[in-house]
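Structure at a glance
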Amino acid sequence: MSNLLGRALSAACAPIGAIYAGIFCQRRVSKVLPNLRQPNQASEARLRDTFEHAPIGMAHVAPDGRFLRVNQKLSDVLGYSREELQSMTFKDITHPQDLATDLDLARRAESGAINSYSGEKRYICKDGSVLWGNRTGALMRDGDGNPDYYIAVIEDIQQRKDVEAALRANEEWLRLALSASNQGLFDVDLRTWKLALSPEYLRMLGYEADPAVPSYADIHAIRHPDDQERVGRIYEEYARGERTSHRVELRLRTRTGEWIWVASTGQVVEWDETGKPVRVVGTNSDINERKQAEQALAAERTLLATVVDALPDTVFIKGIAGRYTMGNAAAIKAVGLSRQDELAGKTVFDLFPRDLAEIYHADDLCALRGESILNRERPGLDAEGNARSYLTIKVPLRNSAGEIVGIVGMNRDITDRKKADALLRRTQKMEALGTLAGGIAHDFNNILLAINGNARLAISDLPPDHPAQESLREIAKGGARAADLVRRILAFSRPEESRRDTMRLEPVIEEALKLLRSTLPAMTEIKCAFAPNVPTVSADAGQIHQIVMNLVTNAAHAIGDAVGRIKIQLDAMTVSADLLHVSVDLREGFYARLTVSDDGRGMDQATLERIFEPFFTTKPAGQGTGLGLSVVHGIMRGHDGAVTVYSQPGKGTTFHLYFPAAANEARVAPRETRAMLPARGEHVLYVDDEHALVQLATRALERLGYRVSGYSEPAAALRDFQADPDALDVVVTDLSMPGMSGFELARAILAIRPDIPLLMTSGYVNPRDEDTARSIGVRAMILKPNTVEDLARILDGMFRG
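Residues numbered from 1 in each chain as written. Predicted model: local features only at pLDDT ≥ 70, side-chain atom pairs only at ≥ 80, totals over all residues. Heavy atoms only, no water.

So, about the overall build of the protein. A count of helical and extended segments in the protein gives 28 helices and 27 strands. The buried share of the protein, taken over its 801 residues, is 44%. Total accessible area on the protein is roughly 41700 Å²; 52% of this is exposed by carbon and sulfur atoms. (Helix = DSSP H or I, 4+ residues; strand = E, 2+ residues; numbered from the N terminus. Buried < 20%, exposed > 50% of the residue type's maximum accessible area, 1.4 Å probe, protein only. Areas by Shrake-Rupley, 256 points an atom, 1.4 Å probe, with all protein chains shown as cover.)

The end-to-end C-alpha separation of helix α17 (residues 354-368) is 21 Å, in line with the 21 Å expected for 15 residues at 1.5 Å each. Of all the residues in α17, the buried ones are L356, A357, Y360, D363, D364, C366 and A367. Buried residues along α17 sit in contact with β11 (314-319), α16 (348-351), β13 (373-381), β14 (387-398) and β15 (404-413). G370 occupies a position one or two residues after α17 and carries a positive phi of about 105°. (Expected span 1.5 Å × (residues − 1). Contact = heavy atoms within 4.5 Å.)

Below, the discussion takes up helix α8 (residues 96-111). With 16 residues, α8 extends 24 Å between its outermost C-alpha atoms, agreeing within 8% with the 22 Å of an ideal straight helix rising 1.5 Å per residue. Buried within α8 we find D98, D102, L105, A106 and A109. Mapping the buried residues of α8 onto a view down its axis gives an arc of 100°, with all of them on the same face. Structural note: α8 exposes A100, R107 and S111 on the side pointing more than 90 degrees away from its buried face. Looking at the packing, one finds that the buried side of α8 touches α7 (90-93), β3 (116-124), β4 (130-141) and β5 (147-156). Taken from the residues just after α8, G112 is the one with a positive phi, measuring 90°. (Arc of directions from axis to C-beta.)

Moving on to the pattern of salt bridges. Within the structure shown, the criterion is met by 42 salt bridges. We note a salt bridge from E294 to R290, for which the minimum N-O separation is 2.3 Å. Remark: R290 and E294 occur in helix α13 (residues 288-310); sequence separation between them is four residues, near one turn of the helix. Taking relative accessible area as the criterion, E294 reaches 34% and is therefore assigned partly exposed. Via salt bridges that share partners, D187, D189, R191, E270 and R279 belong to a single interconnected network. (Salt bridge = Lys/Arg side-chain N within 4 Å of Asp/Glu carboxyl O.)

Strands sit in the order β17-β19-β20-β22-β21 across an open sheet of five strands; the sheet is mixed. The open sheet has two free edges, formed respectively by β17 (524-530) and β21 (642-647), since each of these has just one partner strand. Taking the axes of each pair of neighbouring strands and ignoring which way they run, one obtains an average angle of 20° across the sheet. Pairing of β17 with strand β19 (residues 564-575), which is carried by seven bridges, proceeds in the parallel orientation. Note on β19: the bridge partner recorded for I526 is I566. Packing of helix α21 (residues 541-559) onto the sheet brings it into contact with β17, β19, β20 (589-598) and β22 (653-660), and relative to β19 it is tilted by some 135°. (Pairing = 2+ DSSP bridges. Axes fitted to C-alpha atoms, helices over the stretch in contact; angles between N-to-C directions.)

On the surface, F444, I447, I451 and I475 cluster together into a nonpolar patch covering about 330 Å² of accessible area. The element best represented in the nonpolar patch is helix α18 (residues 415-461), accounting for three residues. Note that I447 resides in helix α18. Assessed through its relative accessible area of 46%, I447 is described here as partly exposed. (Patch = residues over 30% accessible without salt bridge, like charges linked within 9 Å, V, L, I, M, F, W, Y side chains within 5 Å.)

By themselves, these are just geometric observations and shouldn't be taken as functional.
Below is the structure:
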């Protein structure tokens, strides 16, 4: 057993001689440097040859770190071409953790404290790997004694470093093998294939010290079938003299039939007179738990890699030099590559335009300094070169010692989310403008109602030839124009009270186009294309007319005096979830889609973002109110539909209008109109906080034969009603009044007499108000400023319909 242990120790210590031989060679190579400092001892040509063909890396470096000259060996060792190195500085290839030491040595040399220096340093190769090198340097001065350049000699000592690391590992492994109970020693005679095993080895396999067990054939038989060829080839190479040592992991079957993993290390310790190996000794250690842990970890890593690879966000890892070492499928696709190996080793400057690469590189430097970049918005490009927006995360990657060894990063594409947010903000802005417009219209309607109503009363009171008739007619004409303007504002701010019918859009569109053709320039061509099976819609024909006329007129203005074409299309379309992002007003379902497109001058993005705002226009002053498209927008929302627009300067404009398909296909017959009959003295309670409107309604309704009790204070009207509820036939109240709203008054009146007809007037009604009015029991909502006329028709229909 002592001989077996001695052979094992000899096997473990054998690499030491190779290391000392490497160190001796290093000392011989280092003598090249002093020879370079004696130019008088050889010709300039020999010095150049020595520099160019030296078996170790050499360079001339300026005091500021720039490479002035490099030989081919240094280029080969670092992986850069000589031209690339001569465009770099020594800082670019020096490992960040060794850079401070190098700079300190340079300062000491330039101050005269030292003439030369040497030491082992790490360098960053072009492929991102780290190389150990023994660097010897000397500062050369000019005739005035000023620093001229450095001579640097870099010897590749990576192999020696690897050997030293292996030796340390082997020594530690051997110490553990000899001190732990799960280590076993073996001795193989390559001439007879006899095998000696230590008791620990036998116990590892579940056997006691049994002379019948330790034979090579037995060990061979208990190897796992997948390991037989690999391990057998090792011993065949030993027998042929082609190998002197081995380290291999394999599986062995124990006495109970279980498979265990062992790490086997062996070394030739005896040769015959011809130099052929005849004996191998080594150790086997039980690594079953470690292999099981590794397999479990590998499975977890595979699962994690699968999950990361499936993420839509780009995930990547970079080394200390900023080169990619890993990227998930999304990251590889985002930069236009197809495989992991195409990404490895590249930098941001290899993959992105210079301006973007500079931004990304600055973020990388922050992470390498230990800073974390969390959810910073950054510009970017997709694989097709389209501009995108990303949220970036970059954090330092540290090893077990806490040293920064790279960067972990993630990018999330937020382009579509930003577009959706912008669309939502524009929609909210339109809603706010609509609310503002509705509030203004409410007050303006009260004023218009008083002006228009009194003008009509004055016209009827005066003889036709009275001098004031012309002025009154002008007042009425101006009031009518103002009322029309208010209606257009209200069409933008909320759905106008309309009578919808279930209809086909084709005849309505054709009728509108007939009216338009004569007003368009002769050089503007109108083309219509109506698809079959377009669904019917629930719509107001007058408002459809208004939409078509607005859009076609705008298209004609965009074409101007040039030859152009306006195309009207109608088709059926199913809106699915992936199309909802084009408008917040769209819902999934079946639609009739009206498309109006032109080949005019088009619009830029800034104009597109404002076209639905009321009073916004691109036409010269006096040629447009800026309400046309805002009215279209309001009408479409009132029809539970949506409108979208696409345009580019010089490429025309296209509007898409989506009308929900009607639930029922039967067309509702229009109501017949008839002349109103005189009233029979029905008693009307009229309430409005505007005293002028109360007076107007009282005078107008009394002329039609009604009795009117008018109040500008709702509390006084309620007291009058409470005094004699049965004396009244109908109650008419304004919606918005100080002290008591129309809803509060209506509830109080209906609580006293639920059967009395109750009507409500307002200059602005939103959908919530309509719902509230229906729930209370209000018979009808009458919109100002045509309150008197509409009220008279409703009363006529109520009492004589």
